[in-house]
Amino acid sequence: SGDYYHLVGLDRPMASQKKQRLPDEIVLGSRFNLTPAEVRIAMGIACGKPLADIADTHGITVQTARTQLKSVFSKTHTNRQAQLAVLLIEVASSST
């Protein structure tokens, strides 16, 4: 699935950390009709990153990140970050 850690601006997990499986960006984008920017927001949330950190990593304002997150919520039929993270983990496990 390429180097999604680099794509979403995250450090690779350390070997000692429990690695949570995340969906492929292409699968995620096509399944929910997400833009690349929305995929970056969704992946950051799935990794447990605060929205402000995601915004900073990608050089956007927190308000822009909030707008993108609202769009992700709408397209995924979720309304909370935790709910979105669980959905993305489920998508990852079903796409194997």
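Everything here concerns the structure above.
Conventions and cut-offs
- Residues numbered from 1 in each chain as written.
- Predicted model: local features only at pLDDT ≥ 70, side-chain atom pairs only at ≥ 80, totals over all residues.
- Heavy atoms only, no water.
- Helix = DSSP H or I, 4+ residues; strand = E, 2+ residues; numbered from the N terminus.
- Expected span 1.5 Å × (residues − 1).
- Buried < 20%, exposed > 50% of the residue type's maximum accessible area, 1.4 Å probe, protein only.
- Arc of directions from axis to C-beta.
- Contact = heavy atoms within 4.5 Å.
- Polar contact = N/O pair within 3.5 Å; in protein donor to acceptor, adjacent residues only side chain to side chain.
- Core = buried A, V, L, I, M, F, W, Y, C linked by side-chain atoms within 4.5 Å.

A. Just helix α6 (residues 81-94), in detail. For α6, built from 14 residues, the straight-helix expectation of 20 Å at 1.5 Å per residue is met to within 8% by its first-to-last C-alpha distance of 20 Å. Turning to α6, its buried residues are Leu 84, Ala 85, Leu 87, Leu 88, Val 91 and Ala 92. Within α6, the buried residues cover an arc of 160 degrees as seen down the axis, which keeps them to one side. Contacts from the buried residues of α6 go to α2 (25-32), α3 (36-46) and α5 (62-76).

B. Fine view of the side chain of Glu 38. Examined against the element boundaries, Glu 38 turns out to sit in helix α3. Polar contacts involving the side chain of Glu 38 include one to the main-chain amide nitrogen of Thr 35, which spans 2.9 Å. Those residues in contact with Glu 38 that sit more than four places away from it in its chain are Asn 33, Gln 68, Ser 71, Val 72 and Lys 75.

C. Expanded view of the nonpolar core. If you look at the biggest cluster of nonpolar residues, it comprises 21 residues, and the most contacted ones within it are Leu 28 and Leu 84. Every element with two or more residues in this core is listed here: α2, α3, α4 (51-57), α5 and α6. With residues up to four places along the chain from it excluded, the contact list for Leu 84 reads Ala 42, Ile 45, Leu 69, Val 72, Phe 73, Thr 76 and Thr 78.

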